[in-house]
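# Structure assessment
Chain by chain, the residues:
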Amino acid sequence: MLKIKDLQVKLAEEDKVILKGLDLEVAAGAVHAIMGPNGSGKSTLSYVLAGRDGYQVTEGSATLDGADLLAMEPEERAAAGLFLAFQYPVEIPGVGNMTFLRTALNAQRKARGQAEVGAGDFLKLVRDKARALKIDAEMLKRPVNVGFSGGEKKRNEILQMAVLEPSMCILDETDSGLDVDAMRLVADGVNALRDAGRGFLVITHYQRLLDHIRPDVVHIMADGRIVKTGGPELALEVEKNGYTDILAEVA
Amino acid sequence: MAREGQAAAGRALAGPAAAEAALAAWPAPKAGFTAAARAEAEARLRVAGLPGRRDEYWRFTDPAPLLTPEPAASAPLRVDRPIFEGFDKLRLVFVDGVFDAAASDDPALAGVEIARLAEAGAADIHWARGLYGVLEAAGQSPVARPFAALNTARAADGLLIRVSGVAPRPLHISYRQSDPGSEAMLHHCIRLEPGAEMTLIETGTAAARANLVMEVDLGEGARLHHIRPQGRAHGRRVISHLFARLGAAARLKSFTLSMNGAFTRNEAVIDIAGDHAVAHVAGATLGDGADGRFVHDDTVFVSHGAVGCESRQVFKKVLKNGATGVFQGKILVRPGAQKTDGYQISQALLLDEDSQFLAKPELEIYADDVKCSHGSTTGAIDETALFYLRSRGVTRAQAVSLLVLSFLADAIAEIEDAALAAEVVARLEDWLARREA
Ligand SMILES: Nc1ncnc2c1ncn2[C@@H]1O[C@H](COP(=O)(O)OP(=O)(O)O)[C@@H](O)[C@H]1O
Ligand SMILES: [Mg+2]
């Protein structure tokens, strides 16, 4: 599904290298977790995959189902099935959540040559998905993320994911700042989407989330590289001892 | 309405000579109760002259398009479904600046008295005698507004509307245009008696060039909701003046939508005269210089002369392809106007580097217990928001459109009626969609 080979990325405006040769493969149906200290380049990886400006890929490749992600516009990547749940979801005053979601869904469908979803069907679709995430009608009517609490913003990201049904989901610290109940909702939302055709890359600092979303593979990232890969037990090790031991061991 | 201009076509005069030329070009209508007001306006105009680009009040906007003897030709765009068409309202139609009774609804609305200036103006006695040219004259200070004086002196048509109850339906003045070379000069007087309420809609281009004046007198507790989409024609040149006086606890909400036009200057002069009155003036502008020249100027003067009043100015302009936006806005708080709450914001979203926004916000305060603020910003599309939208599959063009609507939201929020606001948003979406392709 997602194949990243020797990815090297620097800031476009500065000579700062952030990703220093990153290799990663997520198969369909698999859930991978990435853990790592602050500043190791986790968000940069997710932004580069999603197509944010400001980064320059100097080496390597990233493909989704064989298609060259790095050659596509952000909206083309989305239509191809990539989704990034932002670490800091953006507020867009004056644009209703529903308008935003419907525009996004239909833009993707149009790009894929599918028929647009009508207003009635869309409403039903969103209501069903929103209920599971405890997102009420009031929140759907409000402008995108404006006045939302941290937890509401993150749940809204998961709602977008549920509506857009991407094949490759990247979650960037979706758990940070959430209380236990909110995290449960987010984890349940992710688990509900798990299926054989869908891959997940879950970036997190905490074992907590991984208790609910059981990953198949855990990677440790440091200084722009994946430095260690293992099973769920690796996350437990981080939780217990922090990164110091692991980083010392691979140094 | 053809003009008998004598100066060479295309050349713009300024100053007293231009005033004389304009007075000569527009025939003096047969004046009854308006005679004195017209004579005084004529005298004022002779003193002030018509402005040139060196006039301080026209520093940002060159008035030349208003001064050429003949208007540059401008044809209205074909509109499949005119804005607000489906709404239940009483429609009064002007074609090229002349009232068209056949195209209008029967001017019968409970609690609303409607007369035509061209007919009632000849009478010696009329309720509008105390209003015609009166607010315009008062609005000539501290700065002269010569085009408004010209209008008072020469306007032959317009509506005299007196509302004494709650108007059961909105009143809609539709300015149609059939002649691409037409010029219109209209003067409306609107009086809302104490407690009266009305929604007033103005739509359409009016003419290739138009000079529109509206004097609005709101009695105690009266409420006027004014919505004005200025019509679709790329070449239209217009100067409009809204003069309003608010009595105690009166409420004025005025919203203008401008999506086209080579030249627009909308002046609003609001005199808050009664305690606890509320006046909101707002505008949303979308300008594309690729359609031809686009210059859009909002010039607003809000004067607080009473206690505990609120005023709000919210002006937003989206500019691209060399479009120019101007905002000159002033809040004056007169001595004794305590507990004034005055707010002003003017903002431009520049979609490229060719466009420009010139703003001159002013506060002048002579009372100590007031809350006044103003702000003005010029910015580009927020790249973070743009990326967020695109990462969800929204195309770049669509994402820009959504962010434009997001930017305009505060101005649109000034429209009180949700259905009217939705119609305005739909037209904005159409404009944006036409340019996404
Ligand atoms: N746009 C940017 N401008 C400047 N520095 C950046 C930018 N993006 C990332 N960085 C830097 O790159 C490094 C990695 O950041 P980031 O990818 O956010 O790490 P993480 O998500 O793992 O905490 C940090 O040192 C950060 O300051
Ligand atoms: Mg991060």
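Below, the structure is looked at part by part. (Residues numbered from 1 in each chain as written. Chains lettered and ligands numbered in written order. Predicted model: local features only at pLDDT ≥ 70, side-chain atom pairs only at ≥ 80, totals over all residues. Heavy atoms only, no water.)

## Re the overall build of chain A
Which entries qualify depends on this criterion: The numbering of helices and of strands both runs from the N terminus, where a helix is a DSSP run of H or I of at least 4 residues and a strand a run of E of at least 2. Values of the radius of gyration come from C-alpha atoms, whereas the globule rule sets the reference at 2.2 Å times the count of residues to the power 0.38. Relative accessibility decides the category of a residue: with a 1.4 Å probe and only protein chains considered, values under 20% of the type maximum give buried, values over 50% give exposed, and everything between is partly exposed. Throughout, a contact is declared for two residues whenever any of their heavy atoms are within 4.5 Å. Areas reported as accessible are Shrake-Rupley estimates using a 1.4 Å probe. Residue values count occlusion only from the protein chains shown. Counted as positive: Lys and Arg. Counted as negative: Asp and Glu. His and the chain ends are not counted at all. Note on charges: their place is set at NZ of Lys, CZ of Arg, CG of Asp or CD of Glu.
Counting its secondary structure elements, chain A contains 10 helices and 12 strands. For a compact globule of 251 residues, the expected C-alpha radius of gyration is about 18 Å, and chain A comes in at 18 Å, within 12% of that figure. Here the C-alpha coordinates of chain A stretch approximately 55 × 40 × 35 Å along the principal axes. A total of 251 residues make up chain A; the buried ones form 54% of that total. Contacts in chain A between residues at least 24 apart in sequence constitute 69% of all its contacts with a sequence separation of at least 6. Accessible surface for chain A amounts to roughly 10700 Å². Of this, 48% is attributable to carbon and sulfur atoms. Side chains of chain A carry 30 positive and 37 negative charges; the gap between the two charge centres is 5 Å.

## With respect to the overall build of chain B
Of regular secondary structure, chain B possesses 9 helices and 19 strands. In terms of overall size, chain B behaves like a compact globule, its C-alpha atoms giving a radius of gyration of 21 Å where 437 residues would be expected to give roughly 22 Å. Expressed as lengths along the three principal axes of its C-alpha atoms, the size of chain B is roughly 70 × 55 × 45 Å. Looking at the 437 residues of chain B, the share that counts as buried comes to 59%. Within chain B, residue pairs in contact and separated by at least 24 positions form 85% of the contacts whose partners lie at least 6 positions apart. Here chain B displays about 15600 Å² of accessible surface, and carbon together with sulfur accounts for 51% of that area. Side chains of chain B give 47 positive and 54 negative charges; the mean places of these two sets differ by 2 Å.

## Remarks on the interface of chain A and chain B
We apply this condition: For any pair of parts, buried area is found by adding up, for both, the accessible area (1.4 Å probe) each one loses once the two are put together. Within this document, salt bridges are pairs made up of a side-chain nitrogen of Lys or Arg and a carboxyl oxygen of Asp or Glu, the two lying within 4 Å of each other. Pairing of N or O atoms within 3.5 Å defines a polar contact, subject to two protein rules: one partner must be a possible hydrogen donor and the other a possible acceptor, and residues neighboring in sequence count only if both atoms are side-chain atoms.
Chain A puts 31 residues into the contact, and the matching count from chain B is 18 residues. Carbon and sulfur atoms supply 67% of the area buried between chain A and chain B, which totals about 1900 Å² over both sides. Inspection of the region where chain A meets chain B yields 3 salt bridges. Where Arg-390 of chain B meets Glu-73 of chain A, a salt bridge forms, and the shortest distance between an N and an O atom there is 2.7 Å. Across the chain A-chain B interface, the total number found is 11 residue pairs in polar contact (both at pLDDT 80 or more). Secondary structure elements with two or more residues in the side of chain A that touches chain B: α1 (42-50), α2 (74-79), β6 (82-85), β7 (92-96), α3 (97-111) and α6 (150-164) of chain A.

## So, the packing of aromatic side chains
Operational definition: Aromatic rings from Phe, Tyr and Trp, taking only the six-membered ring of Trp, are treated as a pair when their centres fall within 6.5 Å; an angle between ring planes under 30 degrees marks them as stacked, one over 60 as edge-to-face, and anything in between as tilted.
Scanning the entire structure with this criterion turns up 11 aromatic pairs over all chains. Ring geometry for Phe-84 of chain B versus Phe-87 of chain B: centroids 5.4 Å apart, planes at 85°, classification edge-to-face. Since its relative accessible area comes to 0%, Phe-84 of chain B is described here as buried. We classify Phe-87 of chain B as partly exposed; its relative accessible area is 26%. Residues Phe-94 of chain B and Tyr-175 of chain B carry aromatic rings whose centres are separated by 6.2 Å and whose planes lie at 35° to one another, so their mutual orientation is tilted. One end of the pair, Phe-94 of chain B, is in strand β1 (residues 90-95); the other, Tyr-175 of chain B, is in strand β5 (residues 171-176), and 81 residues separate them in sequence. No difference in accessibility class separates Phe-94 of chain B from Tyr-175 of chain B, as the two residues are buried. Linked through ring pairs, Tyr-47, Tyr-55, Phe-86 and Phe-100 of chain A together with Phe-387 and Tyr-388 of chain B together constitute an aromatic cluster.

## Brief notes about the coordination of the magnesium ion (ligand 2)
Rule in force here: We call an atom a donor if it is N, O or S and sits within 2.8 Å of the metal, or 3.2 Å for Na, K and Ca. Water is not counted, so some sites may look partial.
Around the magnesium ion (ligand 2), the protein supplies Ser-43 of chain A (OG) and Gln-87 of chain A (OE1) as donor atoms, at distances of 2.1 to 2.4 Å. Here the residue Ser-43 of chain A occupies a position in helix α1, and Gln-87 of chain A occupies one in the loop between β6 and β7, the gap between them amounting to 44 residues.

## Here's the deal with unusual backbone geometry
The peptide bond linking Ser-141 of chain B to Pro-142 of chain B adopts the cis configuration, its omega dihedral lying at 10°. Mapped onto the fold, Pro-142 of chain B is located in the loop between α5 (134-138) and α6 (146-154). In this structure, Asp-65 of chain A is a non-glycine residue whose phi angle is positive, near 50°. By the element assignment, Asp-65 of chain A lies in the loop between β4 (55-64) and β5 (67-68). Owing to a relative accessible area of 52%, Asp-65 of chain A belongs among the exposed residues under this scheme.

## Describing helix α2 (residues 35-48) of chain B
Residue and element names in this part refer to chain B. Our working definition: What a helix should span is 1.5 Å times the count of its residues minus one. Directions from the helix axis toward the C-beta atoms define the arc.
An ideal rise of 1.5 Å per residue puts 20 Å on 14 residues; α2 measures up with 20 Å between its terminal C-alpha atoms. Ala-37, Arg-38, Ala-41, Glu-42 and Leu-45 are the residues of α2 that are buried. On an axial view of α2, the arc spanned by its buried residues comes to 135°, and they lie on one face. On its buried side, α2 packs onto α1 (15-25), α4 (117-120), α5 and α6. Phi turns positive one or two residues past the end of α2, at Gly-49, with a value near 70°.

## Structural notes on the pairing of strand β10 (residues 237-246) of chain B
Residues and elements named next belong to chain B. Selection criterion: Note: two strands are recorded as paired if DSSP finds a minimum of 2 bridges between them.
Judged by how many residues are buried, β10 sits mostly within the fold: 9 of 10 residues are covered. The sheet contact formed by strand β8 (residues 209-218) and β10 spans 10 bridges and is parallel. Within β10, the position partnered with Arg-209 by the bridge is Arg-237. Pairing of β10 with strand β12 (residues 263-272), which is carried by 10 bridges, proceeds in the parallel orientation. Across the sheet, the residue bridging to Ile-239 is Arg-265, located in β12.

## Focus: the side chain of Thr-285 of chain B
Residues and elements named next belong to chain B. Take Thr-285: it is sitting in strand β13 (residues 278-288). Assessed through its relative accessible area of 2%, Thr-285 is described here as buried. Ignoring sequence-local partners within four residues, the contact set of Thr-285 consists of Ser-258, Phe-294, His-296, Asp-298, Lys-316, Lys-317, Val-318 and Leu-408.

## Re the site of ligand 1
Residues and elements named next belong to chain A. Stated formally: Nearness is judged by heavy atoms alone; a residue qualifies as near a molecule or strand once a single heavy atom is within 4 Å of it. Polar here means any residue other than Ala, Val, Leu, Ile, Met, Phe, Trp, Tyr, Cys and Pro, which are nonpolar, and Asp, Glu, Lys and Arg, which are charged; Gly is therefore polar.
What surrounds ligand 1 is the set Leu-11, Lys-16, Ile-18, Pro-37, Asn-38, Gly-39, Ser-40, Gly-41, Lys-42, Ser-43, Thr-44 and Tyr-55. Between an oxygen atom of ligand 1 and a main-chain N or O atom of Ser-40, the distance comes to 3.2 Å. Here an oxygen atom of ligand 1 sits 3.0 Å away from a polar atom, N or O, in the main chain of Gly-41. Protein chains shield 63% of the accessible area of ligand 1, which is 560 Å² for the free molecule. Counting residues per element, the shell around ligand 1 draws most heavily on α1, which supplies 3 residues. Looking at the shell around ligand 1, its residues break down into 4 nonpolar, 6 polar and 2 charged.

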